[in-house]
Amino acid sequence: MSESFDPTAAATRIQLCGRLKADVDGVHVTPRLRGQQGRVLLAYLVLNRGRPVSRGELVEALWPEKRPTDTPAAVRTQLSRLRNALGTEALAGRNTIELRLPEDAWVDLEAAERAIRTAETALANEDWREAWIHAHIALNVAGRPFLAGFDAPWVQEVRDDMVELELRSREIIARSGIGLGGSELGVAERAARSLIRSAPFRETGYLYLMQALVAAGNTAEAVRAYDDLRRLLGSELGTAPGAEIQALHRELIG
């Protein structure tokens, strides 16, 4: 079994997805940020920690459209609130700012990335249970909104990465569920159908749906799934399904 995914073991815990939360030494400090801009500042510095960030860069990140009347003062206010929330040692520098968190700090997005890498390694080794567990961990984070109600180019980049993370998680859940069989076949089928809804041109969704249906004894429905893909690709892209899914279809109708 790989390293346990236990956010409660860290003294500093930051949840960026869903409702943004920051806990320091067991104390919930998010209210000290006082408003959306403080949460945005925390999220930006967490995602860019390990490097100094200029105040000008912070202005672009926090106010991508309309700037406050006194921008330097607004930046100072937000940084002061962040220091009050996380502790004075958390922010280093004056002209450039660098966030410093404890080595064992838990951040949900980083934990999700670790989980998906563990899941992919387990999948390659056909360790279906390990892959299934860690893909669900990643999905639990990726399925939550990031900074809802605030839009900026850097925020959209994170959201795009989360969409891809969610798709990868569902792919692994589907494939590992097929490998586990039994009651997990239903989970695999649902994950595959969700993949198809979210990314209809991503053939893995159809492949895993067909494999899950075949494993459950529903070959006719698997053939219909192939036909749906064939018609979609033909009408929208003028292409045919890939070799692997075509081979499975020939096996089913042969």
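Overview of the structure. The structure presented is a predicted model; accordingly, all values stated were derived computationally and were not measured. (Residues numbered from 1 in each chain as written. Predicted model: local features only at pLDDT ≥ 70, side-chain atom pairs only at ≥ 80, totals over all residues. Heavy atoms only, no water.)

Observations concerning the nonpolar core
Core analysis: the largest hydrophobic core is formed by 82 residues, its most contacted members being L16, L42, L45, F146, L147 and W154. With nine residues, the top contributor of residues to this core is helix α6 (residues 153–180). When near neighbours in sequence (up to four residues on either side) are disregarded, L16 contacts A43, V46, L47, V107, D108, L109, P145, F146 and L147. (Core = buried A, V, L, I, M, F, W, Y, C linked by side-chain atoms within 4.5 Å. Buried < 20%, exposed > 50% of the residue type's maximum accessible area, 1.4 Å probe, protein only. Helix = DSSP H or I, 4+ residues; strand = E, 2+ residues; numbered from the N terminus. Contact = heavy atoms within 4.5 Å.)

A word on the sheet that holds strand β1 (residues 12–15)
The mixed open sheet is built from four strands, whose spatial order is β3-β2-β1-β7. Only two strands of the sheet have a single neighbouring strand rather than two, namely β3 (27–28) and β7 (106–107). Strand direction decides the pairing type here: strand β2 (residues 21–24) and β3, joined by two bridges, are antiparallel. Residue pairing for β3: V24 is matched across the bridge by V27. (Pairing = 2+ DSSP bridges.)

Considerations on the packing of aromatic side chains
Applying the stated rule across the entire model yields two aromatic pairs. Relative to W154, the ring of Y44 lies with its centre 4.8 Å away and its plane at 80 degrees, an arrangement referred to as edge-to-face. Here W154 lies in helix α6 and Y44 lies in helix α1 (residues 36–47), a separation of 110 residues in the sequence. According to the relative accessible area criterion, W154 is buried, its value standing at 13%. Measuring from centroid to centroid gives 6.1 Å for F146 and W154, while their planes differ by 80 degrees, and the two rings are edge-to-face. The same class applies to F146 as to W154, namely buried. Ring-pair connections join several aromatic residues into one group, and the members of that group are Y44, F146 and W154. Note that R13 overlies the ring of W106, its terminal NZ or CZ placed 5.5 Å from the centroid. The residue whose ring lies beneath R129 is W132, and the NZ or CZ to ring-centre distance is 5.3 Å. (Phe/Tyr/Trp six-rings, centres within 6.5 Å; stacked < 30°, edge-to-face > 60°. Lys NZ or Arg CZ within 6 Å of the ring centre and 35° of its normal.)

Here's the deal with the packing of helix α5 (residues 128–142) against α6
In the contact formed by α5 and α6, the axes pass within 8 Å of each other and the chain directions differ by 155 degrees. Judged by the inter-axis angle, α5 sits roughly antiparallel to α6. Here α5 and α6 pass one another in a crossing that is left-handed. Residues W128, R129, A131, W132, A135, H136, A138, L139, V141 and A142 of α5 form the contact with α6, whose participating residues are M162, L165, E166, S169, R170, I172, I173, R175, S176, G177, G179 and L180. Its residues assigned to classes, the contact of α5 with α6 shows 13 nonpolar, five polar and four charged. (Axes fitted to C-alpha atoms, helices over the stretch in contact; angles between N-to-C directions. Parallel < 35°, antiparallel > 145°, perpendicular 65-115°, else oblique. Left-handed = near helix turned anticlockwise from the far one by under 90°. Nonpolar A, V, L, I, M, F, W, Y, C, P; charged D, E, K, R; others polar.)

Points about unusual backbone geometry
At R34, a residue that is not glycine, the phi angle is positive and equals roughly 55 degrees. When you line up the elements, R34 lands in the loop between β3 and α1. Not every positive phi belongs to a glycine, and L147 is a case in point at roughly 50 degrees. For L147, the location among the structural elements is in the loop between α5 and α6. Classification of L147 by relative accessible area gives buried; the value is 8%.

A few points about the layout of surface pockets
The volume enclosed by the second largest pocket comes to roughly 160 Å³. If you list the elements that add at least two residues to the lining of the second largest pocket, you get α1, α4 (108–124) and α6. For the lining of the second largest pocket, the element with the most residues is α6, which contributes four residues. Class assignment of the residues belonging to the lining of the second largest pocket gives a composition of seven nonpolar, no polar and three charged. (1 Å grid on protein atoms, 1.4 Å probe; cavity = no way out; pocket = protein on both sides within 12 Å on 5 of 7 lines; lining within 4 Å. Points joined across faces, edges and corners; volume = space filled by probe spheres on them.)

Here we look at the pairing of strand β6 (residues 96–99)
Each regular strand shows side chains that alternate between the opposite faces of the sheet. Strand direction decides the pairing type here: strand β4 (residues 53–54) and β6, joined by two bridges, are antiparallel. Residue pairing across strands places S54 opposite T96, the latter belonging to β6. As defined by bridge partners, strand β5 (residues 91–92) adjoins β6 across two bridges and the pair is classed as antiparallel. Directly across from A92, in β6, lies its bridge partner E98. Linking two consecutive strands that pair antiparallel, namely β5 and β6, is a turn of three residues; a positive phi of about 100 degrees is found at G93 within it.

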